[in-house]
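Spelled out from the first residue to the last, the chains are:
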Amino acid sequence: MKKLVVANWKMNPQTIEEANNIFSGIKRTAQKITGVETVICPPFLYISAFKLKDSLVKLGAQDAFWVNPLAGKGPYTGEISPDMLKMAGVKYVIIGHSERRENFGETNEMVNKKVKAALESGLKVILCVGEKERDHEHAYLRFIKTELEEGLRGIKKTNFKNLVIAYEPIWAIGKKGAEADSPESVLQMSIYIRRVLQPIVGKELTHDLPIIYGGSAEPVNAEAFLKEGKVQGFLVGHASLKPEQFNEILKIANES
Ligand code: 13P
């Protein structure tokens, strides 16, 4: 199976010129890498600027609303529907990122509605889960279980093939590579996530479901996460804004 490496640019960069530069810097390398599905998730505003027809690089969005308006009616100021994204050439969408849960009050119920709408539109969904902190009593495991169970409630079995889980421990986001989670703990978490998902998704699909890691993924830790942590790829934040770093991660993923 191909590895999946996703660039989450968040609310960066500040100008379309910079966005174009970063994008071209990544595209040049990504085009030559065949063992990795490379996805770039820019701010909505830049999505239409990137022409990716027949390209090995895929476009993603950082969020999508939970309604696909019927008959063109969309009284949801400020929102963007999954269908609109699909028409703009977007293949993937990140849903339930911890920064949206934290800053915009997104609940598991809202995340669930968004996951459903995006999957119904035919987008591939990257559902983010992750704990704020690790407590000794292991309450964080229950927290992740709830995020998964509530986030995926009522999803059609046939749609699970378009699902990716991104495990992003919140405490590891935006740090240096050395402060990321450890490969051993990510491996344990992936096993746990699959155990929670099995009754929901079914044995076969759970086995094939990609689990990617996010939280200060950088070239320094990428190989260990792939080899020892056995992740299927990465959701990369700050390192995805630096083409030389992101391209290094792509190369490592291609060779691991
Ligand atoms: P960093 O790679 O900057 O830690 O961000 C991770 C993240 O939130 C990706 O979605």
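The residue numbers shown here count from 1 along each chain, following its written sequence. Selection of residues for local features in this predicted model requires a pLDDT of at least 70, selection of side-chain atom pairs for listing and counting requires 80 or more, and totals for whole chains, interfaces and linings are taken over all residues. As a convention, hydrogens and water are excluded, and side-chain values are obtained from all of the structure's heavy atoms.

Some points on helix α10 (residues 243–255)
No. 1: Numbered from the N terminus, helices here are DSSP runs of H or I no shorter than four residues, and strands are runs of E no shorter than two. By this rule the span expected of a helix is its residue count minus one, scaled by 1.5 Å. With 13 residues, α10 extends 18 Å between its outermost C-alpha atoms, agreeing within 8% with the 18 Å of an ideal straight helix rising 1.5 Å per residue.
No. 2: Of the surrounding secondary structure, the elements contacted by the buried residues of α10 are β1 (3–8), α1 (16–30), β2 (36–41), α9 (219–227) and β8 (233–236). Any pair of residues with heavy atoms lying within 4.5 Å of one another is described as a contacting pair.

Points about the packing of α9 against α10
No. 1: Here, axes are lines fitted to C-alpha atoms. For helices the fit covers the stretch in contact, and angles between N-to-C directions go from 0 to 180 degrees. Contact pair α9 / α10: the axes reach a minimum separation of 9 Å and the direction vectors enclose 20 degrees. The angle between α9 and α10 places the two elements in the roughly parallel class. Regarding α9 and α10, the two cross each other, and that crossing is right-handed. Along its contact with α9, which presents P219, A222, E223 and L226, the element α10 presents Q245, E248, I249, I252 and A253.
No. 2: Under this grouping Gly is polar, as are all residues other than the nonpolar Ala, Val, Leu, Ile, Met, Phe, Trp, Tyr, Cys and Pro and the charged Asp, Glu, Lys and Arg. For the contact of α9 with α10, a count of residues per class yields six nonpolar, one polar and two charged. Under this scheme an angle from 65 to 115 degrees is roughly perpendicular, one under 35 degrees roughly parallel, and one over 145 degrees roughly antiparallel; angles in between are oblique. Handedness of each helix crossing follows the sense of rotation of the near helix against the far helix: counterclockwise by less than a right angle gives left-handed, clockwise gives right-handed.

Brief notes about the side chain of S216
No. 1: Take S216: it is sitting in the loop between β7 (211–214) and α9.
No. 2: Here A172 takes part through its backbone oxygen, which lies 2.7 Å from a polar atom of the side chain of S216.
No. 3: In contact with S216, not counting residues within four places along its chain, are A172, I173, G174, K175, K176, G177, A180, N221 and H238. Counted as a polar contact is a pair of N or O atoms within 3.5 Å, where, for protein atoms, one must be capable of donating a hydrogen and the other of accepting one, and residues adjacent in sequence contribute only when both atoms are in side chains.

Some points on the pairing of β8
No. 1: Residue burial is assigned from relative accessible area. The probe radius is 1.4 Å, only protein chains are included, and a residue is buried under 20% of its type maximum, exposed over 50%, and partly exposed in between. Of the two faces of β8, the one lined by G233 and L235 and the one lined by F234 and V236 are each fully buried.
No. 2: Relative to β8, β1 runs parallel, the two being bridged by four bridges. Each residue of the ladder has a partner; that of V5, found in β8, is F234.
No. 3: Each pair of strands is called paired provided DSSP finds at least two bridges between the two strands. Judged from the two bridges that link them, β7 and β8 form a sheet pairing that is parallel. Opposite Y213, over in β8, you have F234 as the bridge partner.
No. 4: In this region the chain leaves β7, passes through α9 and returns to the parallel neighbour β8; the handedness of that crossover is right-handed. Seen with its strands pointing away from the viewer, a crossover is right-handed when the path leading from the first strand over the helix to the second is clockwise.

Describing the pattern of salt bridges
No. 1: Whenever Lys or Arg places a side-chain nitrogen within 4 Å of a carboxyl oxygen from Asp or Glu, that contact is recorded as a salt bridge. The tally for this structure, following the rule as stated, stands at twelve salt bridges.
No. 2: Across the pair D63 and K114 runs a salt bridge whose closest N-O atoms are separated by 3.1 Å. Linking D63 in the loop between β3 (57–61) and α3 (82–87) with K114 in helix α5 (residues 108–120), this pair joins segments that are 51 residues apart in sequence. Like D63, the residue K114 is buried in the burial classification.
No. 3: A salt bridge links K132 to E102, with the nearest nitrogen and oxygen atoms 3.8 Å apart. Taken together, the residues span a long stretch of sequence, with K132 in the loop between β5 (124–129) and α6 (139–151) and E102 in helix α4 (residues 98–103) at a distance of 30 residues.
No. 4: Because the salt bridges share partners, they merge into one network encompassing D63, R100, E106 and K114.

Section: the site of the ligand
No. 1: Taken together, the residues surrounding the ligand are N8, K10, H97, E168, I173, G174, G215, S216, L235, G237 and H238.
No. 2: E168 is positioned such that a nitrogen or oxygen atom in its side chain is 2.9 Å from an oxygen atom of the ligand.
No. 3: At 2.6 Å, a side-chain N or O of H238 approaches an oxygen atom of the ligand.
No. 4: Within the shell around the ligand, the residues separate by chemical class into two nonpolar, seven polar and two charged. Throughout, the term near means that a residue has one or more heavy atoms lying within 4 Å of the molecule or strand in question.

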